[in-house]
Amino acid sequence: MAIPPDSNETSYLLPPNNEDWEGQGIPDFVYGQKELVTKGIQWPRNERGLLDALPLSRFDSALCSAWAQRMELGLFRYRLRELQTQTLPGAVGFVAQLNVERGMQRRCPQNIKSVRQAFDPEQFNFNKIRQAEILFRLLREPDLPSALQQEDIFVVINVSPLEWGHVLLVPEPARGLPQRLLPGVLRAGIEAVLLSLHPGFRVGFNSLGGLASVNHLHLHGYYLAHRLPVEGAPSEPLDPGGHLHLLQALPAPGFLFYTSGPGPELEALISRVCWATDYLTDHDIAHNLFVTRGAPPGKTSLSSALTGVRVILWARKSCFGIKEGDAFNVALCELAGHLPVKTSQGFSSLTEVAAVTLIQDSLLPPAQAEEVQAALVALMSQEEQ
């Protein structure tokens, strides 16, 4: 991705002397209502070179310039270069990328035994990272009213990046929150998507048992210059109010929530999503969540206009630890159609059939999936009463 030349947001860069890094404090990125862009963000006809060609928002410039500087300074576990990428032949449109270094050098997952596991300050957590890994603090201006609690969100580099600009959104690390989705951090994730002018900036959440490797509340955010199947996959409504929809297309059925932009509609969506994730957590059901610009629910297609934000939630089997023999591990991006592959052999031999089989093997058995769907529909219906 092109680094903004002579960006005015130099306050997000570290000073030249690393001895000064710890003493400069964490800069604030304060945003307002006008920067949440809901209209006019679309994929160009030719996606090649997309990251270099698209205009950057103030948020994109701050994140990308600071992230690129940290890469140059060697603060990551490996130097991310352009990843070998292919769209797998077939109807789904999987985007597969070879990322051997992440497979080899990422931090080993913590010993997780339950979706409801408590935070353990003795384990690795984001209070133990270097201050230089924090890009900025994400703050909302008062012109963005909300009934939700205002939270400081730290935007932190993922030292084992999936793709360009891979960051973590961490709410007030000192609070020691376990990896359980909360409304304030979900809102920050959705608004981060709206702050970017890039259609491929996505945000996601892995629960414990859903391949979260750190039990300290965080979301992932990253740029990917490719369309994904979930942006325009068709869906059908599940509840009378039309708030919950079922994505029907491959690679995996999921629950779809949609908003056209900020305001009361977005606040209501955040509440509904967190009701659903609270239910899953309380019943010890692992889950993954993906936030992307996308088409409204209904009979859409991959080429449909990106008119709002889609939040997709998948309930799945619990998986504690990494399966070393598989081409990829199934978490938030894989369920959305982005497949970071760990080995050259796995990348060259991967087929759509094999990818679908691996993903669907991670999902709940049909009887339990139907039980979860009925419970979530009942939760949404309570709002109407």
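The structure we're discussing is the one just above.
(A) Up close: the sheet that holds strand β10 (residues 245-247). A sheet is described by the order of its strands in space; here 11 strands give the open sequence β1-β4-β5-β6-β8-β7-β12-β13-β11-β10-β9, paired in mixed fashion. In the strand order of this sheet, the two ends are held by β1 (28-31) and β9 (235-237), each with one partner. With direction set aside, neighbouring strand axes in the sheet form an average angle of 25°. Bridging between strand β6 (residues 167-171) and strand β8 (residues 219-223) involves three bridges; their strand directions are antiparallel. Bridged to Leu 168 within β8 is His 220. Helix α2 (residues 58-72) rests against β1, β4 (134-140), β5 (153-157), β6, β7 (201-206) and β8 of the sheet, and its axis sits at about 160° to β4.

(B) Inspection of helix α5 (residues 264-282) at higher detail. With 19 residues, α5 should reach 27 Å at 1.5 Å per residue; the first-to-last C-alpha distance of 27 Å fits that figure. Regarding α5, the residues found buried are Leu 266, Glu 267, Leu 269, Ile 270, Arg 272, Val 273, Cys 274, Ala 276, Thr 277, Tyr 279, Leu 280 and Thr 281. Looking one or two residues past α5, Asp 284 carries a phi angle of roughly 60°, positive in sign.

(C) View of the pattern of salt bridges. Per the stated rule, a full pass over the model turns up 11 salt bridges. Two residues, Arg 116 and Asp 284, come together in a salt bridge whose shortest N-O distance is 3.8 Å. Of this pair, Arg 116 sits in the loop between α3 (100-105) and β4 while Asp 284 sits in the loop between α5 and β12 (286-294); the two residues are 168 residues apart in sequence, bridging distant segments of the chain. The shortest N-O distance in the salt bridge between Arg 140 and Glu 191 comes to 2.9 Å. Remark: Glu 191 occurs in helix α4 (residues 183-195) and Arg 140 occurs in strand β4; sequence separation between them is 51 residues. Here the two residues Arg 140 and Glu 191 agree in accessibility, since each one is buried. The network of salt bridges with shared partners includes Asp 28, Arg 137 and Asp 152.

(D) Inspection of α4 at higher detail. The terminal C-alpha atoms of α4, which comprises 13 residues, lie 18 Å apart, in line with the 18 Å expected from a rise of 1.5 Å per residue. With 12 of 13 residues buried, α4 is to be regarded as a mostly interior element. Regarding α4, the residues found buried are Gly 184, Val 185, Leu 186, Arg 187, Ala 188, Gly 189, Ile 190, Glu 191, Ala 192, Val 193, Leu 194 and Leu 195.

(E) Local environment of the pairing of β1. Burial of the side chains of β1 is restricted to one face: Phe 29 and Tyr 31 are buried, whereas none of Asp 28 and Val 30 on the reverse face is. Both β1 and β4 contribute to a ladder of four bridges, which runs parallel. The partner of Val 30 across the bridge, within β4, is Leu 139.

(F) Molecular detail of the packing of aromatic side chains. For the structure on display, the rule yields 10 aromatic pairs. Where Phe 59 meets Phe 136, the ring centres are 6.4 Å apart and the plane angle is 80°; that geometry is what we call edge-to-face. You can see Phe 59 sitting in helix α2 and its partner Phe 136 sitting in strand β4, a full 77 residues away along the chain. When its relative accessible area of 0% is taken as the criterion, Phe 136 is described as buried. On the basis of an interplanar angle of 80° and a centroid distance of 5.9 Å, the ring pair of Phe 124 and Phe 126 is categorised as edge-to-face.

(G) Just the nonpolar core, in detail. Counting residues in hydrophobic clusters, the biggest one holds 72 residues, and the most contacted among them are Trp 67, Phe 136, Ile 190 and Phe 257. Apart from the residues within four sequence positions on either side, Trp 67 is in contact with Phe 76, Leu 80, Leu 135, Ile 157, Pro 161, Glu 163, Trp 164, Gly 165, His 166 and Val 167. Within the second largest apolar cluster, 34 residues are counted, among which are Leu 224, Leu 228, Ala 336 and Leu 358.

(H) Structural detail: the environment of Gln 360. Within the element layout of this structure, Gln 360 appears in helix α8 (residues 352-360). Residues Gln 360 and Lys 317, spaced 43 residues apart in sequence, show a C-alpha to C-alpha distance of 10.0 Å. The residues contacting Gln 360, other than those within four sequence positions of it, are Leu 250 and Pro 251.

(I) The arrangement of the side chain of Thr 292 in detail. Mapping Thr 292 onto the fold places it in strand β12. Reaching out from Thr 292, the side chain makes a polar contact with the side chain of Arg 202 at a distance of 3.2 Å. What Thr 292 contacts, discounting residues up to four positions off in sequence, is Arg 202, Val 230, Glu 231, Gly 308, Val 309, Arg 310 and Ile 312.

(J) How the structure looks around the sheet that holds strand β14 (residues 338-341). What the three strands build is an open sheet, ordered β2-β3-β14; its pairing is mixed. Edge positions in the open sheet fall to β2 (85-87) and β14, since each of these has one partner strand only. Neighbour to neighbour, the strand axes of the sheet diverge by 20° on average, direction disregarded. In this structure, β2 lies alongside strand β3 (residues 95-98), joined through three bridges in antiparallel fashion. Looking across to β3, one finds that Gln 86 is bridged to Ala 96.

Conventions and cut-offs
Residues numbered from 1 in each chain as written. Predicted model: local features only at pLDDT ≥ 70, side-chain atom pairs only at ≥ 80, totals over all residues. Heavy atoms only, no water. Pairing = 2+ DSSP bridges. Helix = DSSP H or I, 4+ residues; strand = E, 2+ residues; numbered from the N terminus. Axes fitted to C-alpha atoms, helices over the stretch in contact; angles between N-to-C directions. Contact = heavy atoms within 4.5 Å. Expected span 1.5 Å × (residues − 1). Buried < 20%, exposed > 50% of the residue type's maximum accessible area, 1.4 Å probe, protein only. Salt bridge = Lys/Arg side-chain N within 4 Å of Asp/Glu carboxyl O. Phe/Tyr/Trp six-rings, centres within 6.5 Å; stacked < 30°, edge-to-face > 60°. Core = buried A, V, L, I, M, F, W, Y, C linked by side-chain atoms within 4.5 Å. Polar contact = N/O pair within 3.5 Å; in protein donor to acceptor, adjacent residues only side chain to side chain.

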